[in-house]
Each structure stands twice: as structure tokens, then as C-alpha cells.
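Below, each chain spelled out in residue letters.
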Amino acid sequence: MQLPIDDRILEVLSSSGLILSPTIIAENIEKSREEVSRRLSVLTEHGLVEKVRRGRYRIDDLGEGYLTGDLDVSEIEEGD
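Remember, predicted model here, so these are calculated numbers, not experimental data.

Rules of the game
- Residues numbered from 1 in each chain as written.
- Predicted model: local features only at pLDDT ≥ 70, side-chain atom pairs only at ≥ 80, totals over all residues.
- Heavy atoms only, no water.
- Helix = DSSP H or I, 4+ residues; strand = E, 2+ residues; numbered from the N terminus.
- Expected span 1.5 Å × (residues − 1).
- Buried < 20%, exposed > 50% of the residue type's maximum accessible area, 1.4 Å probe, protein only.
- Arc of directions from axis to C-beta.
- Contact = heavy atoms within 4.5 Å.
- Axes fitted to C-alpha atoms, helices over the stretch in contact; angles between N-to-C directions.
- Parallel < 35°, antiparallel > 145°, perpendicular 65-115°, else oblique.
- Left-handed = near helix turned anticlockwise from the far one by under 90°.
- Nonpolar A, V, L, I, M, F, W, Y, C, P; charged D, E, K, R; others polar.
- Core = buried A, V, L, I, M, F, W, Y, C linked by side-chain atoms within 4.5 Å.

A.B. asks: Account for helix α1 (residues 4–16), naming residues and giving values.
C.D. replies: With 13 residues, α1 extends 19 Å from end C-alpha to end C-alpha; this agrees with the ideal 18 Å at 1.5 Å per step. The complete set of buried residues in α1 reads I5, D6, I9, L10, V12 and L13. Viewed along the axis of α1, the buried residues span an arc of 160°, placing them on a single side of the element. Along α1, the residues that are exposed and aim more than 90 degrees away from the buried face are P4 and S15. Structurally, α1 contributes buried residues whose contacts are with α2 (22–29), α3 (33–45), β1 (49–53), β2 (56–59) and α4 (61–68). G17 lies just past α1 and shows a positive phi near 70°.

What follows is the structure, given as C-alpha cells:
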């Protein structure tokens, strides 16, 4: 992804292994809930994060692959 916040969001979701809300993620990365929510929408669109239900997210396999370096983000962005 293009923004450092994207990496931080993915790292929090991955390290926790939990389904989290934008508010909880924002609290842990010291960003606003609004900013986290906007980025979660983008991450979801690209398949890196899964929206479990309204306001609840978890990292997806593509997101894990991105964090481990097994996925080149340009491959995802070219598909748009």
C-alpha cells in the first residue's frame, strides 16, 4: 500500500489475530478513527482486509502475504 498507516493497520490486525474495530485499531496506532476507517475501506477493496461485519475487520491472506513480503502490492494495484 502507499501510506505508512496501511502497514500499521495490517500489523495491528496481524499481531493481534483478532477481529477489531476502527476505534481499537486507531487507539493502538495513535491515529484518528476516521483516518483508520478510510484506509480500512481501501484495504478491504484490495482484498488485504476482510470486513467481518459492520465495523469489524480482520486481516486476510493477501494482507498476511503483503506483511511477509510474499506479495507485491503493485500486483494488486494493477488489477484496478
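A.B. asks: For α2, give the residues involved together with the corresponding values.
C.D. replies: Note that an α-helix has 3.6 residues per turn; residues three or four places apart therefore point the same way. Along α2, the residues that are buried comprise P22, I25, A26 and I29. With its buried residues spanning 100° around the axis, α2 presents them on a single face. Along α2, exposed side chains directed more than 90 degrees from the buried face belong to E27 and N28. Against the buried residues of α2 lie α1, α3 and β2.

A.B. asks: Give me the packing of α2 against α3: which residues, what numbers.
C.D. replies: Close contact between α2 and α3 brings their axes to 8 Å; oriented N to C, the two are set at 115°. Taken together, the axes of α2 and α3 lie roughly perpendicular to each other. Relative to α3, the crossing made by α2 is right-handed. Contact with α2, carried on its side by P22, T23, I25, A26 and I29, involves R33, V36, S37 and L40 of α3 and no other residues of that element. Considering only residue class, the contact of α2 with α3 consists of six nonpolar, two polar and one charged.

A.B. asks: Describe the nonpolar core, listing the residues and the values that go with them.
C.D. replies: If you look at soluble globular proteins, the nonpolar side chains tend to sit buried side by side. Formed by 20 residues in total, the largest nonpolar core has its most connected members in I9, L13, I25, V36 and L40. Counting residues per element, the ones that place at least two in this core are α1, α2, α3, β2 and α5 (73–78).

A.B. asks: Hey, could you go over the packing of α1 against α2 for me, with residue numbers and the actual values?
C.D. replies: Angle between the axes and distance between the axes: these two values describe a pair of packed helices. In contact at an axis separation of 10 Å, α1 and α2 are set at 110° when each is read in the N-to-C sense. The angle between α1 and α2 places the two elements in the roughly perpendicular class. Contact residues: I5, R8, I9, V12 and L13 in α1; I25, N28 and I29 in α2. Within the contact of α1 with α2, the residues separate by chemical class into six nonpolar, one polar and one charged.

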